[in-house]
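Observations on the three-dimensional arrangement
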Amino acid sequence: MRAWLALLLTVIAWQASAHSAPSTPVMVRFETSLGPFTIALDSERSPLSAANLARYAADGHYDGTIFHRVVPGFVIQGGGYTEDGTEKPARDPVPNESGNGLTNRRGTVALARGPDPHSAAAEFYVNVSDNINLDPRPDRWGFAVV
C-alpha cells in the first residue's frame, strides 16, 4: 500500500447552509485516517469557489477520496481520486477568484486547477507552508484561496 493511500478522506460534517449570511464562514470538516481537520470557507471574498467546495462536500463527493499529491514543505492535494486511483467525475469548473485578497499562506485551502486559470473543479489543496508564489501577479492568474 502506498503512503498516500493512508490519507483517505471522508467528509463527516458540513455546517452552515447556502442561506448563511455572507460574513458567516462555511465550515467543512474532513475525517482522515490521520485525524480530522476543519476548514473555514470565506464566502464573502471567494463566493464561487467557497460555494463550489461546499457543494462537493455536501453532495458527498469527497467521501472515499484520497490525498493523491503530497509534497513536503509545499502542499497536500486531494478531492479527485478514490483509493484505487479512479478519478471521480467533477462538475463544470468555476471562474478563478484568485484576485480576492486571500493568499496561499500556511494552513489555507485553495482550489487546484490545471494550466487553464478557470479550470478548478473538485480538487483542493492545503498549503503546508507559505506559498505566495501561487498568488496572482499582474502578469498571471493565481490559485484561488477559499
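Structure shown above.
First, a word on what this report is: a plain description of the structure on this page. Everything numeric here is computed off the predicted structure, so don't read it as measured data.

Thresholds, definitions, all that
- Residues numbered from 1 in each chain as written.
- Predicted model: local features only at pLDDT ≥ 70, side-chain atom pairs only at ≥ 80, totals over all residues.
- Heavy atoms only, no water.
- Core = buried A, V, L, I, M, F, W, Y, C linked by side-chain atoms within 4.5 Å.
- Buried < 20%, exposed > 50% of the residue type's maximum accessible area, 1.4 Å probe, protein only.
- Helix = DSSP H or I, 4+ residues; strand = E, 2+ residues; numbered from the N terminus.
- Contact = heavy atoms within 4.5 Å.
- Phe/Tyr/Trp six-rings, centres within 6.5 Å; stacked < 30°, edge-to-face > 60°.
- Lys NZ or Arg CZ within 6 Å of the ring centre and 35° of its normal.
- Polar contact = N/O pair within 3.5 Å; in protein donor to acceptor, adjacent residues only side chain to side chain.

Topic: the nonpolar core
A general trend in soluble globular proteins is that nonpolar side chains are found buried together. Of all hydrophobic cores here, the largest spans 21 residues; its most connected members are Val 28, Ile 39, Leu 41, Leu 53, Tyr 62, Val 109 and Phe 124. For this core, the leading source of residues is helix H1 (residues 47–58), giving 5 residues. Those residues in contact with Val 109 that sit more than four places away from it in its chain are Ile 39, Leu 53, Phe 124, Tyr 125, Val 126, Ala 144, Val 145 and Val 146.

Section: the packing of aromatic side chains
We describe a pair of aromatic rings using the distance from one ring centre to the other and the angle between the two ring planes. Per the counting criterion, the structure on display carries 8 aromatic pairs. When the centroid spacing of 5.8 Å and the interplanar angle of 55° are considered together, the rings of Phe 30 and Tyr 62 count as tilted. Pair noted here: Phe 30 is in strand S2 (residues 26–32) and Tyr 62 is in the loop between H1 and strand S4 (65–71), with a separation of 32 residues, a long-range link. A connected cluster of aromatic rings, assembled from ring pairs, spans Phe 30, Phe 37, Tyr 56, Tyr 62, Phe 67 and Phe 124. Positioned above the aromatic ring of Tyr 56, the side-chain terminus of Arg 91 is 3.6 Å from the ring centre. For the cation-ring pair, Arg 113 lies above Phe 143, with the distance from its terminal atom to the ring centre recorded as 4.0 Å.

Comments concerning the side chain of Asn 131
Tracing the sequence through the fold places Asn 131 in the segment after strand S7 (124–127). Owing to a relative accessible area of 3%, Asn 131 belongs among the buried residues under this scheme. At 2.8 Å, the side chain of Asn 131 and the side chain of Asn 127 are in polar contact. Those residues in contact with Asn 131 that lie beyond four places of it in its chain are Phe 74, Val 75 and Asn 104.

Taken by themselves, the reported measurements are silent on function.
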